[in-house]
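In case you want the letters, here they are:
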Amino acid sequence: MPFREINSKMVEAAVAPGQKMYSQRGAMLAYRGDVSFTPNVQGGQGGLGSMIGRRVANEATPLMTVEGSGTVMFGHGGHHIQVINLAGDTLYVEADRLLAFDGTLRQGTMFMGSQGGVMGMVRGQVTGQGLFTTTLKGHGAVAVMAHGGVIELPITPGRPVHVDPQAYVAHHGDVTNKLSTALGWRDMVGRGSGEAFQLELSGSGAVYVQASEEKL
């Protein structure tokens with residue numbers, strides 16, 4: 001079920017009988033029709049494993065199951081909302097940045113170290129973001145939150161994109177990531193963004209970058 005962007009901070013989604021969608025708790029602003037909102041104790045379609053992954057990563061973002069027949073408007077905290085449409089690929093996004101997504105998408109969890117090695121693990125410690133990243137795979141729409149607007153940067157073979165880790169929102173495609181530093185280990189102490197650290201994404205896909213480094 002596609003999202004309709006009402007403005008930069010609100011989206012609307014149609015809910016139909018027999019379909020589900022998931023939203024962050026507190027994201028519903030208003031709705032029309034016969035729509036129900038139920039706390040999801042299994043962590044979305046990812047099930048128990050996905051929920052445990054987020055809890056280990058200190059990302060126990062509660063989800064609500066949205067069902068019924070009607071229209072729901074979503075927004076949260078005045079954050080900018082970016083709608084991302086997936087066509088069978090996988091979206092990697094921090095759990096606390098998820099606003100709402102189609103129930104047709106399969107939810108999972110990826111340990112950042114599996115892509116970035118030791119430096120991938122360091123990313124979680126330095127930036128305050130989790131060692132685990134939520135994955136959404138399939139065909140459907142996802143609404144994510146960010147600060148100050150979002151830009152989509154293409155990632156093409158041979159032309160990696162370097163992103164401040166705290167400005168990172170999400171990425172999709174056949175992409176690998178690793179954290180690099182322009183400073184020595186002693187110089188890195190106490191520095192969590194800017195020139196000290198760079199998240200390098202290479203391969204084929206796209207990365208979404210927010211305008212502000214402020215955390216959600």
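Residues numbered from 1 in each chain as written. Predicted model: local features only at pLDDT ≥ 70, side-chain atom pairs only at ≥ 80, totals over all residues. Heavy atoms only, no water.

Re the overall build of the chain
Our working rule: Only DSSP runs of H or I reaching four residues or more are called helices, and only runs of E reaching two or more are called strands; each is numbered from the N terminus. Any residue under 20% of the maximum accessible area for its type is buried, any over 50% is exposed, and the rest in between are partly exposed; the area is computed with a 1.4 Å probe on protein chains only. Contact definition: two residues touch when any of their heavy atoms are within 4.5 Å.
Counting secondary structure elements, the chain contains three helices and 13 strands. A burial count over the chain gives 51% of its 216 residues as buried. Nonlocal contacts in the chain, meaning residues at least 24 apart in sequence, comprise 81% of its contacts between residues at least 6 apart.

Things to note about the side chain of glutamine 24
Cut-off, in case you're wondering: Each polar contact in these results corresponds to two N or O atoms within 3.5 Å; when the atoms are within protein, one needs to be able to donate a hydrogen and the other to accept it, and residues that are neighboring in sequence are counted only if both atoms are side-chain atoms.
Assignment of secondary structure puts glutamine 24 in strand β3 (residues 21–24). Overall, the relative accessible area of 11% leaves glutamine 24 in the buried class. At 3.4 Å, the side chain of glutamine 24 forms a polar contact with the backbone oxygen of aspartate 96.

A few points about the side chain of glutamate 200
Its place among the elements puts glutamate 200 in strand β13 (residues 197–210). Those residues in contact with glutamate 200 that sit more than four places away from it in its chain are Pro160, Val161, His162, Thr176, Asn177 and Lys178.

Focus on the pattern of salt bridges
Stated formally: Salt bridge, as used here: a side-chain nitrogen of Lys or Arg that lies within 4 Å of a carboxyl oxygen of Asp or Glu.
Evaluation of the coordinates by the stated rule reveals two salt bridges. Between glutamate 12 and arginine 4 there is a salt bridge whose closest N-O contact spans 3.0 Å. The salt bridge partner of glutamate 12 is arginine 32, with a shortest N-O separation of 3.0 Å. Of this pair, glutamate 12 sits in strand β2 (residues 10–15) while arginine 32 sits in strand β4 (residues 28–40); the two residues are 20 residues apart in sequence, bridging distant segments of the chain. The buried category is assigned to glutamate 12, whose relative accessible area is 12%. Residue classification places arginine 32 among the partly exposed residues on the basis of a relative accessible area of 46%. Put simply, Arg4, Glu12 and Arg32 are held in one network by salt bridges that share partners.

Let's talk about the nonpolar core
Here is the rule we go by: Within this scheme, the nonpolar core is defined by two criteria: the residues are buried Ala, Val, Leu, Ile, Met, Phe, Trp, Tyr or Cys, and they are joined through side-chain atoms within 4.5 Å.
Counting 17 residues, the largest nonpolar core has Phe3, Val11, Met21, Val66, Phe74 and Leu99 as its most contacted members. Counting 16 residues, the second largest nonpolar core, distinct from the first, contains Leu63, Ile84, Val93 and Ala146.

Notes on the packing of aromatic side chains
Which entries qualify depends on this criterion: Within 6.5 Å between ring centres, the rings of Phe, Tyr and Trp (the latter by its six-membered ring) count as paired, and their orientation is classed by plane angle as stacked under 30 degrees, edge-to-face over 60, tilted in between.
Tallying each qualifying case throughout the model produces two aromatic pairs. Taking 5.5 Å as the distance between ring centres and 35 degrees as the angle between the ring planes, the aromatic pair formed by tyrosine 22 and phenylalanine 101 counts as tilted. Remark: phenylalanine 101 occurs in strand β7 (residues 98–102) and tyrosine 22 occurs in strand β3; sequence separation between them is 79 residues.

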